[in-house]
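Geometric and topological summary
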Amino acid sequence: MEIKGEYRIAAPREKVFAALNDQEILKACIPGCESLDKLSDTEMTAKVRLRIGPVSAAFGGKVTLSDIDPPNGYKISGEGQGGVAGFAKGGAVVRLTDDGGVTVLAYDVDAQVGGKIAQVGARLITGTAKKLADQFFGKFAGMVGAPPAESA
């Protein structure tokens, strides 16, 4: 399945790129993320608990960053195992461009699922994947594009 989208973030491109590489920001934005541990500058392990239709599972997996082009974007790839629920794997190409004082974050996701979760139906899986992508990028845009806190 392929999912594409775009978000306008009220922050400089360099700040958005730095946030895309910040473990704590990513952990806070990933829906259902229980842990995100950095192994190196390009590899992380994650534990995520998700519900897709009637199937609920905890996925453990690895995330890898590649084609890193600061501050223009990168490719993020991952795969996870959800035990009897099945597996999920995929990647996203994330591109950042300037547009009149804001950063446009465009993403192009390609994902595959197998096992029990693949049996719930392509429409439900695609709808859930779009919802999860919107939750992640919406929260990310809100955190990174938020105005700085005023000092007391």
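These numbers come from a predicted model, not from an experiment.

Cut-offs and rules
- Residues numbered from 1 in each chain as written.
- Predicted model: local features only at pLDDT ≥ 70, side-chain atom pairs only at ≥ 80, totals over all residues.
- Heavy atoms only, no water.
- Helix = DSSP H or I, 4+ residues; strand = E, 2+ residues; numbered from the N terminus.
- Rg over C-alpha atoms; globule rule 2.2 N^0.38 Å.
- Buried < 20%, exposed > 50% of the residue type's maximum accessible area, 1.4 Å probe, protein only.
- Contact = heavy atoms within 4.5 Å.
- Areas by Shrake-Rupley, 256 points an atom, 1.4 Å probe, with all protein chains shown as cover.
- Lys, Arg positive; Asp, Glu negative; His and termini not counted.
- Charge placed at Lys NZ, Arg CZ, Asp CG, Glu CD.
- Arc of directions from axis to C-beta.
- Salt bridge = Lys/Arg side-chain N within 4 Å of Asp/Glu carboxyl O.

**Thoughts on the overall build of the chain**
Within the chain, the regular secondary structure consists of three helices and seven strands. Start at the N end of the chain and walk to the C end: the helices and strands fall as β-α-α-β-β-β-β-β-β-α. Radius of gyration (C-alpha) of the chain: 16 Å, near the 15 Å computed for a compact globule of 152 residues. Summarising its shape, the C-alpha atoms of the chain cover approximately 50 × 35 × 30 Å along the three principal directions. Per-residue burial over the chain gives 36% buried out of 152 residues. Of the contacts formed within the chain by residues at least 6 apart in sequence, a portion of 50% connects residues at least 24 apart. By element, 53% of the accessible surface of the chain is carried by carbon and sulfur atoms, the whole surface being about 8,400 Å². The averaged location of the 18 negative side-chain charges in the chain is 9 Å from the averaged location of its 18 positive side-chain charges.

**Considering helix α1 (residues 13-20)**
Taken residue by residue, α1 has Arg13, Val16, Phe17, Ala19 and Leu20 as its buried positions. Projected down its long axis, α1 shows its buried positions confined to an angular sector of 160 degrees, all on one face.

**Examining the pattern of salt bridges**
Using the criterion set out here, one finds six salt bridges in the structure. Across the salt bridge formed by Lys38 and Asp41, the nearest N and O atoms sit 3.9 Å from each other. Looking at Lys38, the relative accessible area reads 41%, which means it is partly exposed. In this structure, the salt-bridge partner of Glu43 is Lys62, at a minimum N-O distance of 3.2 Å. One end of the pair, Glu43, is in strand β3 (residues 43-52); the other, Lys62, is in strand β4 (residues 55-69), and 19 residues separate them in sequence.

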